[in-house]
Amino acid sequence: MENSKRRFLKGTCALFAGATGASLLATVNASEGAKAESDIKYAMIHDETKCIGCRACEVACRETNQVPEGVSRVRIEQTGPFGEYPNEYYHFSRVSCQHCEDAPCVNVCPTGAAFIEKETGIVSVNAWKCVGCQYCIAACPYKIRFINPVTHAADKCDFCRETNLAQGKQPACVEACPTKALVFGNLKDPTSELVQVLRANPTQRAKVALGTRPKLFRILAKSGEVIL
Amino acid sequence: MSKRQWLWSIRLGAIALLLSFGATSAESALQINSDTTCMKCHKRNGQMLGHHGQDAMKMTCSTCHGEKGDHPKKPNDIVVFGMKDGSELDTQLAVCHKCHTQRKLGETEWTHNVHAQKVPCAACHKLHSPTEPMADMTPKVRSELCRNCHSGQ
Ligand code: SF4
Ligand code: SF4
Ligand code: SF4
C-alpha cells in the first residue's frame, strides 16, 4: 500500500515535471521562432560630409510616395554659410522619421494605426486605422509627423515600405542621392554596407537621451564641439 | 451697344499691335544683333536673344567677349565662356564680376557661395538663349543639374 502510494506520487511528479519541461521547451522554441522571424532591422545613415544639399532625396520621395505639396516625409535642413569667401560652406542635415525602436508615436496611438512592423523594425502608419487625433504628432520628439491632406491620416517616412521596398528596390531617397550620402540597410547583417559604414565612422543619433532608440544615424560634417 | 463694339475694336487693335511687336522681337531687331562685324560670321551661333541683349542695357558683343584683336586667328584675346572649352576661369569670372558682385550673388542664391571661384558662371547660366535655364527651375530640374557634376562619390 505504502509502496503503491509512493509509486503513484513518483509517477505524478514525473508527469508534472515532464509537462513543465515540455512547456518550457515550447516557450524556448517560440522565442527562437520570434528571433528567427526578425533578423532584419532596417536603419539609415545620412553622411553629411557627402551631402551637397541638392534635395534630390526630397524630390524622389515626393514622387515615389505621392506626398502632396506642402508636406514632406524628408527635408534637408540647411545651415550656414560658414567660413570665408571664396571657401564658404553649408551644413545639411536630414530631417525625417528616426524609426525609433521604442517609438512614442506608436505608444500613444489609441487605434493601433501607428505600428512597428515586427519583421523589419520599420515604424509605419496604417492609414485606414488612423482617426486623425494627432496624438502621435504631439508625441514624436523629432517633430516629423504630419497629417496627409489627401488621406487625412498621419504620415511620415516609412523607408518606402509600401513602394520601393515592396518592389525589392532601395528607398527612393537613397536611389536618388547623387553623392551616395544616404545608406540604407539591415543592422543585423554584418556584411551589409550599412554596418560597414557604421563600423568605420563615428555616428550620432538625435535625442538618444529620451530612450527612443532612433535608427537614423548621421555622420557629422564638421565638429560641432568647442575647440580646445 | 455701339460703345461696346468700339471698346472691342480698341482691345483687338491693342492685341494686334502687341503681336506685331512680338513678331519683330522674334526676328531679333535687338541692337546688339546688328553688329555687322561679328554677325558676318556669327549669325547662326552668335545671336544674342537673352536678357543681357536688351537694348536698354546698351551692351555689345565686346562688352563680355572682349575686343576682337587677332580673332579669328589663334591665339587671341577673345573671352570664351563655358565649362570645358572656355577661357581661363579667372578671365571668365572677371567679366561677370564687373557687374555682379559676389555678395549680391550669394544673397540671391546660396549655391553661388559654394561654387565661388571654382566654376565659371557659364557652367550653369546661358546668356544667349531667349530663356535662362536657371530661372524658374523646378526642384527636380535643379537637383538634376547638381547631379551633372556631383555624381558618383
Ligand atoms: S521619429 Fe517620431 S514618427 Fe518616427 S518612430 Fe520616432 S516617434 Fe515615431
Ligand atoms: S525612405 Fe522613402 S519614405 Fe523615407 S524619406 Fe526616403 S524616400 Fe521618403
Ligand atoms: S540627395 Fe543626397 S546629396 Fe542631395 S540633398 Fe539628399 S542626401 Fe544630400
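Preceding this section is the structure that the text describes.
Read on for a plain summary of the structure. Computed from a predicted structure; not experimentally measured.

Here we come to the packing of helix α2 (residues 56–64) of chain A against helix α7 (residues 139–149) of chain B. A pair of packed helices is characterised by two quantities: the angle between their axes and the separation of those axes. Orientation of α2 of chain A relative to α7 of chain B, taken along the N-to-C sense of each, is 135 degrees, at an axis distance of 9 Å. As summarised for this structure, α2 of chain A and α7 of chain B are arranged oblique, according to the angle between their axes. Judged by the twist between their axes, the crossing of α2 of chain A over α7 of chain B is left-handed. In this structure, α2 of chain A uses A56, V59 and E63 of chain A to contact α7 of chain B, whose residues at the interface are P139, K140, S143 and R147 of chain B. Broken down by class, the residue content of the contact of α2 of chain A with α7 of chain B amounts to three nonpolar, one polar and three charged.

Another point: the packing of aromatic side chains. Counted by the stated rule, this structure contains five aromatic pairs over all chains. Residues F92 of chain A and W110 of chain B carry aromatic rings whose centres are separated by 5.4 Å and whose planes lie at 55 degrees to one another, so their mutual orientation is tilted. Of this pair, F92 of chain A sits in strand β3 (residues 89–96) while W110 of chain B is found in the loop between α5 (102–108) and α6 (111–115), placing the two residues in two different chains. With relative accessibility at 5%, the residue F92 of chain A sits in the buried group. Judged by centre distance (5.0 Å) and plane angle (75 degrees), the rings of F159 of chain A and F184 of chain A are edge-to-face. One end of the pair, F159 of chain A, is in the loop between β7 (154–155) and α5 (172–176); the other, F184 of chain A, is in strand β8 (residues 182–186), with 25 residues separating them in the sequence. Feature note: the residues Y42, F159 and F184 of chain A constitute an aromatic cluster, connected by ring pairs. The positively charged end of K207 of chain A is found above the aromatic ring belonging to Y142 of chain A, 5.8 Å away from the centroid.

Now for the pairing of β8 of chain A. Residue and element names in this part refer to chain A. For β8, a buried count of five out of five residues is recorded, marking the element as mostly surrounded by other parts of the structure. Where strand β1 (residues 42–47) and β8 come together, five bridges link them in antiparallel fashion. Note on β8: the bridge partner recorded for A43 is G185.

All names here are of chain A. Across the sheet, three strands lie side by side as β8-β1-β9; this open sheet has mixed pairing. Where the open sheet ends on each side, the last strands, each with one partner, are β8 and β9 (216–219). Strand-to-strand twist across the sheet, computed as the mean angle between neighbouring axes with direction ignored, equals 20 degrees. Of the strand pairs in this sheet, β1 and β9 are connected by four bridges, and their pairing is parallel.

In the vicinity of ligand 2 there are 13 residues, among which C61, R94, C157, C160 and C173 of chain A approach most closely. When grouped by side-chain class, the residues that make up the shell around ligand 2 number nine nonpolar, one polar and three charged.

Our next topic: the environment of E117 of chain A. Residues and elements named next belong to chain A. Tracing the backbone shows E117 in the loop between β4 (114–116) and β5 (123–125). According to the relative accessible area criterion, E117 is buried, its value standing at 15%. A sequence separation of 44 residues divides E117 from R161, and the C-alpha atoms of the two residues are 9.7 Å apart. Filtering out sequence-adjacent residues up to four positions away, E117 remains in contact with I122 and R161. A distance of 2.9 Å separates polar atoms of two side chains, one belonging to E117 and the other to R161.

Reading the values: the criteria
- All chains use their own residue numbering, which begins from 1 and follows the written sequence.
- Working convention: letters from A go to chains and numbers from 1 go to ligands, in the order in which they are written.
- Per-residue local features of the predicted model are confined to residues with pLDDT of at least 70, and side-chain atom pairs are confined, for both listing and counting, to 80 or more; whole-chain, interface and lining totals are unaffected and use all residues.
- Hydrogen atoms and water are omitted, and side-chain values are computed over all heavy atoms in the structure.
- Angular values range over 0 to 180 degrees, each being the angle between N-to-C directions of two axes fitted as lines to C-alpha atoms, with helices fitted over their stretch in contact.
- For helices the rule is a DSSP run of H or I covering at least 4 residues; for strands it is a run of E covering at least 2, with both sets numbered from the N terminus onward.
- Each angle is binned into one of four classes, with values under 35 degrees roughly parallel, values over 145 roughly antiparallel, values of 65 to 115 roughly perpendicular, and all other values oblique.
- The hand of a helix crossing depends on one turn: near helix anticlockwise from the far one by less than a right angle means left-handed, and clockwise means right-handed.
- The contact definition used throughout considers only heavy atoms, calling two residues in contact when any of these lie within 4.5 Å.
- Note on residue categories: nonpolar means Ala, Val, Leu, Ile, Met, Phe, Trp, Tyr, Cys or Pro, charged means Asp, Glu, Lys or Arg, and polar means any other residue, Gly included.
- Put simply, two rings from Phe, Tyr or Trp (the six-membered ring, in Trp's case) pair if the centres are within 6.5 Å, and we call them stacked under 30 degrees between planes, edge-to-face over 60, tilted for the rest.
- To sort residues, take the accessible area from a 1.4 Å probe on protein chains only and compare it with the maximum for the residue type: under 20% means buried, over 50% means exposed, and anything in between is partly exposed.
- Note on geometry: a ring has a charge over it if NZ (lysine) or CZ (arginine) is within 6 Å of the ring centre and within 35 degrees of the ring normal.
- Two strands qualify as a pair provided that DSSP identifies no fewer than 2 bridges between them.
- We call a residue near a molecule or strand as soon as one heavy atom of that residue lies within 4 Å of the molecule or strand.
- N or O atoms within 3.5 Å of each other form a polar contact, as long as, within protein, one can give a hydrogen and the other can take it, and as long as residues adjacent in sequence are counted only when both atoms are side-chain atoms.

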